[in-house]
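Understanding the architecture of this molecule
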Amino acid sequence: MADGKTVHEAALRTPLGRVRGLGSAKSGTHHWWMQRVTSLALLPLTLWFVISLIGLAGASYAETLAFIGAPVNAVLLLALIAATFHHMAAGLQVVVEDYVRGELRRKGLILLIQGGSALMALASAFAVLRIALAS
Amino acid sequence: MTDPREAGFVGRRSDGSLIRRPLSPHLQVYDMAQMTSALSIMHRITGVIWSAGTLLLVWWLMAAATGEAAFAAVQWFLGSFLGLLLLFGLTAAGWYHTLAGIRHLMWDAGRGFDLPSVYATGRAVLIGTAVLTVLTWVLLLLFWN
């Protein structure tokens, strides 16, 4: 291809591959689509969280626990946590894919991002559940 | 060809000749004094900033679940000068990423691609970020008890 004469664009695509539409990464537009879905979910959830934090400013420990543990708040917090860390991992992964060269370094960083995001999500969700189920 | 994705960089100039293109929004390719490219990279930067900011959320929730002393420590930090400065910066970055994100969703829906719209929505994002950041903190200070 580098000789500047010919480009064989369709030669390696099978009809089945074209129908499946998943491309070389085997996941199609899933990553891109989930980034948009989580961003839409985060719009109302983050707005609710910011308003809640404004209401919690200066609240005591007991008042904060009561807020986190209230059933509706706990469920919304869990949804916020899931959407936030999914969106965060997806976004950071694209940044790494765009700017980091070298297969090992790139893959290593992506795994680190996914592992770190998963741990942060688990820690946050565990904290909410512990508070909610203890009250 | 040290990078396995180099093959994907090959494109064509308008005269049909082949060219090896850079992979992605590499900053040195663009004029960062342009509003379009500056706002674009700002969206990414504010996203990365918020990724770091979620550490505060994890710390806050884990401290609340751990006990009163741990919670007092995180509340002390968030109420300190550095903590408030961090929270203020995160508020601004958060509103920017949210508003610019809505702009991206609008583009995903195929709207607002013409240049006048791009500049108008870009300005709206900047003004909206300033207004909402100030509004958030005015409300926060008003409701502080």
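What you see is a predicted model, and the numbers here were worked out from it, not measured in a lab.

The rules we used
Residues numbered from 1 in each chain as written. Chains lettered and ligands numbered in written order. Predicted model: local features only at pLDDT ≥ 70, side-chain atom pairs only at ≥ 80, totals over all residues. Heavy atoms only, no water. Axes fitted to C-alpha atoms, helices over the stretch in contact; angles between N-to-C directions. Helix = DSSP H or I, 4+ residues; strand = E, 2+ residues; numbered from the N terminus. Parallel < 35°, antiparallel > 145°, perpendicular 65-115°, else oblique. Left-handed = near helix turned anticlockwise from the far one by under 90°. Contact = heavy atoms within 4.5 Å. Nonpolar A, V, L, I, M, F, W, Y, C, P; charged D, E, K, R; others polar. Phe/Tyr/Trp six-rings, centres within 6.5 Å; stacked < 30°, edge-to-face > 60°. Buried < 20%, exposed > 50% of the residue type's maximum accessible area, 1.4 Å probe, protein only. Buried area = accessible area lost by both parts, 1.4 Å probe. Salt bridge = Lys/Arg side-chain N within 4 Å of Asp/Glu carboxyl O. Polar contact = N/O pair within 3.5 Å; in protein donor to acceptor, adjacent residues only side chain to side chain.

Things to note about the packing of helix α4 (residues 71-99) of chain A against helix α1 (residues 35-66) of chain B
α1(B) packs onto α4(A) with a crossing angle of 140 degrees between their chain directions and a minimal axis gap of 10 Å. With respect to α1(B), the element α4(A) is oriented oblique. In the crossing of α4(A) with α1(B), the sense of the turn from one axis to the other is left-handed. Seen from α4(A), the contacting residues are A:I81, A:T84, A:F85, A:M88, A:L92, A:V94, A:V95, A:D98 and A:Y99; seen from α1(B), they are B:I41, B:R44, B:V48, B:S51, B:T54, B:V58 and B:L61. Residue composition of the contact of α4(A) with α1(B), by class: 11 nonpolar, three polar and two charged.

Observations regarding the packing of aromatic side chains
Applying the stated rule across the entire model yields seven aromatic pairs over all chains. A centroid spacing of 5.1 Å and a plane angle of 40 degrees characterise the contact between A:Y61 and B:F71, whose relative ring orientation is tilted. In this pair, A:Y61 is assigned in helix α3 (residues 61-69) and B:F71 in helix α2 (residues 68-79), connecting two distinct chains. Of the two residues, A:Y61 and B:F71, both sit in the buried class. Considering the side-chain rings of B:W59 and B:F77, the 5.4 Å spacing of their centres and the 45 degrees angle between planes classify their relative orientation as tilted. Of this pair, B:W59 sits in helix α1 while B:F77 sits in helix α2, and the two are 18 residues apart along the sequence. Through a chain of ring-to-ring contacts, the aromatic side chains of A:W48, A:F49 and A:F67 assemble into a single cluster.

Quick look at the side chain of A:S39
Looking at the secondary structure, you find A:S39 in helix α2 (residues 30-56). Ignoring sequence-local partners within four residues, the contact set of A:S39 consists of A:H87 and B:L105.

Brief notes about the interface of chain A and chain B
Interfaces are often sized by the accessible area lost when the parts come together. Each partner contributes residues to the interface: chain A has 44 residues there, and chain B has 44 residues. Note on chain A versus chain B: buried area summed over both sides is about 3600 Å², and carbon and sulfur give 68% of it. Among the residues chain A hides against chain B, the three largest losses belong to A:I54, A:Y61 and A:Y99. Together they make up 19% of the total. Taking the shortest distance from any N to any O, the salt bridge between B:R44 and A:D98 comes out at 2.7 Å. At the junction of chain A and chain B, the tally comes to five residue pairs in polar contact (both at pLDDT 80 or more). Only α2, α3, α4 and α5 (103-134) of chain A provide two or more residues apiece to the side of chain A that touches chain B. Class assignment for the residues of the side of chain A that touches chain B results in 29 nonpolar, eight polar and seven charged.

Topic: the environment of A:P71
Here A:P71 shows up in helix α4. What makes A:P71 exposed here is its relative accessible area of 66%.

Honestly, it's all geometry; don't read function into it.
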